[in-house]
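# A look at the structure
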Amino acid sequence: MDHLACFTPADLGRATPPELGAFRWKLLAQGDSWFSNARAKLNAHANLLQELVFKGRAAAVNCAGTGNALSHLVDLASSPDFVQLLAGPGAPAWDGVLLSMGGNDLIAAARTPALDGAGQPIPLELRLLRRQTEWGPPSAGVARYFSEPGWATYAGYLRTNVKHLLSLRDQGPSAGKPVFMHCYAVPMPRPAGAESNDDLGAASGPWLYPAMKAYGVPAADWAAVSRLMVFHLAQLLKDMAADKEGFPGLFVFDSTAVPLALAAPGSTGISGDWHNEIHLNHSGCFKIARAWSEAIEMVLEGRHLIQPAPGRKGRKS
């Protein structure tokens, strides 16, 4: 098994660019902070791409950049390298596209405050958490804190942008090639931000922890609220992948099903399989990447199209 060889768009412009033709699989990658090329992430092996392994040699050109800000990943106007390499003049033909999309935007939506700068309420459809006066009945469990109107807004936003990305793929030489996404993992809201010197950008966290406190969510429910939000995202992505007509060639790996060591509540640094509050450390990336790699290679080799032979039902002895 060989690790995925990771390059950047800048590497392609060097005097001696990497020879992508030497690899069996050539992939294009774009993503949020889980794919970040930030120096601290790479040094700590806390980049999910670094841990992907394949039986055949594979390379990826990663356009994710070095930032960790909770920006709108799918605003492709801010990703000219990715757009050019996917569908621009002279773009290569890729065997597939790797995406880490939706997680940072989910966290950003959860961080939307209840009041705007003028002290006016922000509508429920524009945020994921409810103010205490808006909470549902205790019988609703942790869903009482969750804004379903806000979720509908977020889900529509993500669906629209994934469709746009797939249409962009189909405008270039990689038309119809598989697009691979993962479903993240469930973080523990805790006061664990990024290191101050790790060049990850201004949004150094913590991220969910202050939002839970600001909305008055009881600390005993923080982990369950986090799980609710991530599971909503996972189900949304899996539903999109199941819609072969609306989202052709989209393959979603349910990374939430990979067992991880949770971070300890209240911990401030590396804990369990987590580098900080919302990013995995090396062991966490290793666990998810090993399982995702197998799912990716199965599609690249076409093995997902092979129907299992019907088994015989033998009599019990």
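Up top you'll find the structure we're talking about.
Presented here is a report on the structure given in the accompanying data block. (Residues numbered from 1 in each chain as written. Predicted model: local features only at pLDDT ≥ 70, side-chain atom pairs only at ≥ 80, totals over all residues. Heavy atoms only, no water.)

Moving on, we come to the overall build of the protein. Secondary structure assignment for the protein yields eight helices and eight strands. Counting across all 317 residues of the protein, residues that qualify as buried make up 49%. Sequence separation of 24 or more characterises 74% of the internal contacts of the protein that already satisfy a separation of 6 or more. As displayed, the protein offers around 14,400 Å² of accessible surface, 56% of which is attributable to carbon and sulfur atoms. (Helix = DSSP H or I, 4+ residues; strand = E, 2+ residues; numbered from the N terminus. Buried < 20%, exposed > 50% of the residue type's maximum accessible area, 1.4 Å probe, protein only. Contact = heavy atoms within 4.5 Å. Areas by Shrake-Rupley, 256 points an atom, 1.4 Å probe, with all protein chains shown as cover.)

To continue, consider the layout of surface pockets. In this model, the second largest pocket occupies a volume close to 180 Å³. Residue lining of the second largest pocket: 13 residues in total, with Asp 105, Ala 109, Leu 126, Thr 153 and Tyr 154 positioned closest to the centre. Contributing elements (two or more residues each) for the lining of the second largest pocket: α4 (103-110) and α5 (148-169). Broken down by element, the lining of the second largest pocket gets its largest block of residues, four residues, from α5. Of the residues in the lining of the second largest pocket, the class split is six nonpolar, four polar and three charged. (1 Å grid on protein atoms, 1.4 Å probe; cavity = no way out; pocket = protein on both sides within 12 Å on 5 of 7 lines; lining within 4 Å. Points joined across faces, edges and corners; volume = space filled by probe spheres on them. Nonpolar A, V, L, I, M, F, W, Y, C, P; charged D, E, K, R; others polar.)

Glancing now at the pairing of strand β5 (residues 58-62). By the criterion of burial, β5 is predominantly enclosed, with five of the five residues buried. Both faces of β5 are covered, namely the face carrying Ala 58, Ala 60 and Asn 62 and the face carrying Ala 59 and Val 61. Looking at chain direction, strand β2 (residues 5-7) and β5 are connected through three bridges and run parallel. If you follow Ala 5 over to β5, its bridge partner there is Ala 59. Two strands pair when backbone bridges link them, and strand β3 (residues 25-31) and β5 are joined in this way by five bridges, in the parallel orientation. Within β5, the position partnered with Leu 27 by the bridge is Ala 60. (Pairing = 2+ DSSP bridges.)

Take the packing of helix α3 (residues 80-87) against α5 next. One can describe the packing of α3 onto α5 by two numbers: an axis separation of 8 Å at closest approach and a directional angle of 45°. Between α3 and α5, the interaxial angle falls into the category oblique. Seen from α3, the contacting residues are Phe 82, Val 83, Leu 86 and Ala 87; seen from α5, they are Leu 165, Leu 168 and Arg 169. When its residues are assigned to classes, the contact of α3 with α5 shows six nonpolar, no polar and one charged. (Axes fitted to C-alpha atoms, helices over the stretch in contact; angles between N-to-C directions. Parallel < 35°, antiparallel > 145°, perpendicular 65-115°, else oblique.)

Another point: the sheet that holds β5. Reading across from one edge, β2-β5-β3-β6-β7-β8 is the order of the six strands in this open sheet, with parallel pairing throughout. Of all the strands in the sheet, just β2 and β8 (250-253) have a single pairing partner and so form its edges. With direction set aside, neighbouring strand axes in the sheet form an average angle of 25°. Of the strand pairs in this sheet, strand β6 (residues 96-100) and strand β7 (residues 179-182) are connected by three bridges, and their pairing is parallel. Bridge assignment links Leu 99 to a residue of β7, and that residue is Met 181.

Let us now look at empty space enclosed by the protein. Across all of its chains, the model carries two cavities of 30 Å³ or more by this definition. The space that makes up the largest cavity amounts to roughly 120 Å³. Within this model, the second largest cavity holds a volume of roughly 30 Å³. Ser 33, Trp 34, Lys 41, Ala 46, Leu 48, His 279, Leu 280 and Cys 285 together form the lining of the second largest cavity. For the lining of the second largest cavity, the per-class residue count stands at five nonpolar, two polar and one charged.

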